[in-house]
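# Fold and geometry: a report
Residues per chain, in single letters:
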Amino acid sequence: MDYSEMFSEDVGSFFRSPVREIFKKVDLNAIYSFAGGYPSAETFPLEEIRKTMSEVIDKYAGRAFQYGATQGVPELRQAVAERYGVPVERVQITSSSQQGIDVCTRVLINPGDVILTSNPSYLGAIQSFKSYRADIRGIAHDEDLEAFRQSYEAVIADVKAEGKIVKFLYMIPDFQNPSGESLTIEERQMLVALAQKHNFLIVEDSPYRELRYEGDHVPTMYSLDPDRVIHLGSFSKIFAPGFRLGWAIAHPEILDKIYVCKQSLDLCPPIFDQYVAAEFLSSGRLDENLKHSIELYKGKRDLLLSLLEEHMPEGVRWTHPEGGLFLFLTMPEDFDAVRFYDKSLDAGVAYVAGEFFHPDRAGKNTMRLNFSFMSPERIAEGVKLLSKLLKDEIL
Ligand SMILES: Cc1ncc(COP(=O)(O)O)c(C=O)c1O
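Worth saying up front: this structure is predicted, and the values here are computed from it rather than measured. By convention here, each chain's residues receive numbers from 1 onward along its written sequence. Totals for whole chains, interfaces and linings use every residue, but because this is a predicted model, local features are given only for residues with pLDDT of at least 70 and side-chain atom pairs only at 80 or more, for both listing and counting.

## Topic: the site of the ligand
Here is the check we use: build the C-beta atom from the backbone, and if it is within 6 Å of the molecule or strand, call the residue near. Contacts to the ligand come from 14 residues, most closely from S96, Q98, N177, S234 and S236. Polarity classes work like this: nonpolar for Ala, Val, Leu, Ile, Met, Phe, Trp, Tyr, Cys and Pro, charged for Asp, Glu, Lys and Arg, and polar for all others, with Gly in that last group. Taken together, the residues of the shell around the ligand sort by class into four nonpolar, nine polar and one charged.

In structure tokens:
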């Protein structure tokens with residue numbers, strides 16, 4: 001049967017995640033993998049989870065396995081509201097922040113509408129934006145605040161001249177995936193002021209916010225304009241991604257549309273998982289566990305930075321993230337990280353080429369390295385091997 005005539009026009013805009021394609025090809029445990037964004041399994045508190053699951057069954061009995069409210073179970077909404085200091089009517093539980101991104105796009109975007117984002121940006125968000133046929137404009141970071149603002153103004157002026165509409169700005173202000181970099185308070189204020197001036201919304205995606213290893217806490221973009229910013233959070237990096245739970249914090253009118261949209265997606269987020277997360281949060285176990293995760297990841301980040309310093313050839317630069325799970329490498333101009341990938345994988349080391357994170361396919365000479373997944377010993381071996389391969393290629 002020929003199915004090609006059967007699919008919707010949207011399907012033509014779907015694209016496969018190159019990161020997930022890598023996972024299909026190789027056994028991540030058999031190579032040195034800097035590729036995925038997997039948390040370390042060491043951060044999953046198995047015994048505490050076992051105890052909490054059993055408490056949830058004792059406390060909620062059959063309710064823990066029944067359908068529930070589309071907005072999320074009241075206990076978890078309340079716990080999230082208290083943790084982030086927002087009214088409970090502003091909290092929608094999502095089946096993870098990937099769903100948060102997808103529902104925001106679905107309720108806001110018509111085909112051809114413009115989404116502004118950083119260049120590079122999160123691949124899963126780019127996939128979602130493309131699937132709704134959004135027009136994505138990536139804008140590179142500039143250390144100079146005024147030049148940064150002008151880059152945005154120039155793109156917005158282009159969009160208006162084309163008769164198109166900027167619907168929202170998608171940003172990962174804290175320890176970005178892929179670059180690991182964060183926005184300063186001045187940059188956040190500048191972007192919020194731009195959104196106010198040109199009347200678009202902001203989707204602030206911040207799954208790494210609580211994984212800070214140094215430096216001062218910076219206010220969320222949401223706190224700068226709670227009626228214009230949709231804040232997305234996730235339990236994936238602070239608890240465990242297998243629960244597939246996150247949250248959206250936004251104005252109730254926006255949440256109402258997301259609520260109706262989610263009715264057709266999943267009826268409700270997983271109930272048992274929500275009760276477990278609620279118990280974990282309100283009992284203080286989540287914070288206790290988070291302390292250990294931060295300590296572990298800080299050690300791995302420091303190790304990776306010092307190994308790069310020691311082994312990388314001249315001409316390679318990298319970011320110094322204050323938190324999160326990634327850093328970003330930039331090689332000399334003529335380096336092609338996609339072409340180099342097979343050689344690297346054959347030798348036993350995986351990364352993600354930076355080009356995939358650039359909506360405009362720039363960044364050919366960049367790559368993302370994850371430091372949460374591997375053990376310190378394997379990080380050390382992996383960096384030595386990658387550095388040697390790069391030396392052979394570049395020098
Ligand atoms: C920036 C960003 N947003 C969202 C997600 C999706 O996370 P989850 O759906 O597990 O909450 C990720 C995952 O790596 C991410 O890096």
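## Details of helix α10 (residues 271–282)
An ideal rise of 1.5 Å per residue puts 16 Å on twelve residues; α10 measures up with 17 Å between its terminal C-alpha atoms. For every residue, the other C-beta atoms within 10 Å of its own C-beta are counted; 20 or more classify it as buried, 12 or fewer as exposed, and values in between as partly exposed. C-beta atoms are placed from the backbone. We count a stretch as a helix when DSSP gives it H or I for four or more residues in a row; a strand needs E for two or more, and each element gets its number in order from the N terminus. Most of α10 sits inside the fold, with ten of its twelve residues counted as buried. Along α10, the positions that sit buried rather than exposed are I271, D273, Q274, Y275, V276, A277, A278, E279, F280 and L281. Its buried side turned inward, α10 meets α2 (46–60), α3 (74–84), β2 (91–94) and α11 (285–311). The first or second residue beyond α10 is G284, which carries a positive phi of 85°. Expected helix span is computed as 1.5 Å times (number of residues minus one). Contact definition: two residues whose C-beta atoms, as placed from backbone geometry, lie within 7 Å.

## Focus: the domain arrangement of the protein chain
These domain boundaries are the output of an automatic or database domain assignment. Structurally, the protein chain comprises domain 1 (9–45 + 287–394) and domain 2 (65–283). Relative placement of domain 1 and domain 2: their C-alpha centres are 24 Å apart. If you look at the interface, domain 1 gives 32 residues, while domain 2 gives 31 residues. Elements that contribute at least two residues to the side of domain 1 that touches domain 2 include exactly α11 and β10 (326–330). For the side of domain 1 that touches domain 2, the leading source of residues is α11, giving five residues.

## Focus: the nonpolar core
A set of buried Ala, Val, Leu, Ile, Met, Phe, Trp, Tyr and Cys residues, joined to one another through C-beta atoms within 7 Å, is what we call a nonpolar core. Formed by 97 residues in total, the largest nonpolar core has its most connected members in F168, L169, I202, I230, A277 and L369. With seven residues, α10 is the single largest residue contributor to this core. Residues from two domains meet in this core; each of domain 1 (9–45 + 287–394) and domain 2 (65–283) gives at least three. The residues contacting L169, other than those within four sequence positions of it, are L116, T117, L191, A195, F200 and I202.

## Describing the packing of helix α12 (residues 337–347) against helix α13 (residues 376–394)
Where helices are involved, their axes are fitted lines through C-alpha atoms of the stretch in contact, as for all axes, and angles between N-to-C directions lie from 0 to 180°. Taken N-terminus to C-terminus, the directions of α12 and α13 make an angle of 140°; their axes are 11 Å apart at the nearest point. Classed by the angle they form, the pair α12 and α13 counts as oblique. α12 and α13 meet at a crossing whose hand is right-handed. Residue-level contacts link F340, K343, S344 and A347 of α12 to L385, L386, L389 and E393 of α13. Its residues assigned to classes, the contact of α12 with α13 comprises five nonpolar, one polar and two charged. Small angles under 35 degrees read as roughly parallel and large ones over 145 as roughly antiparallel, with 65 to 115 read as roughly perpendicular and the rest as oblique. Note: crossing handedness is left-handed where the near helix turns anticlockwise from the far helix by less than a right angle, and right-handed where it turns clockwise.

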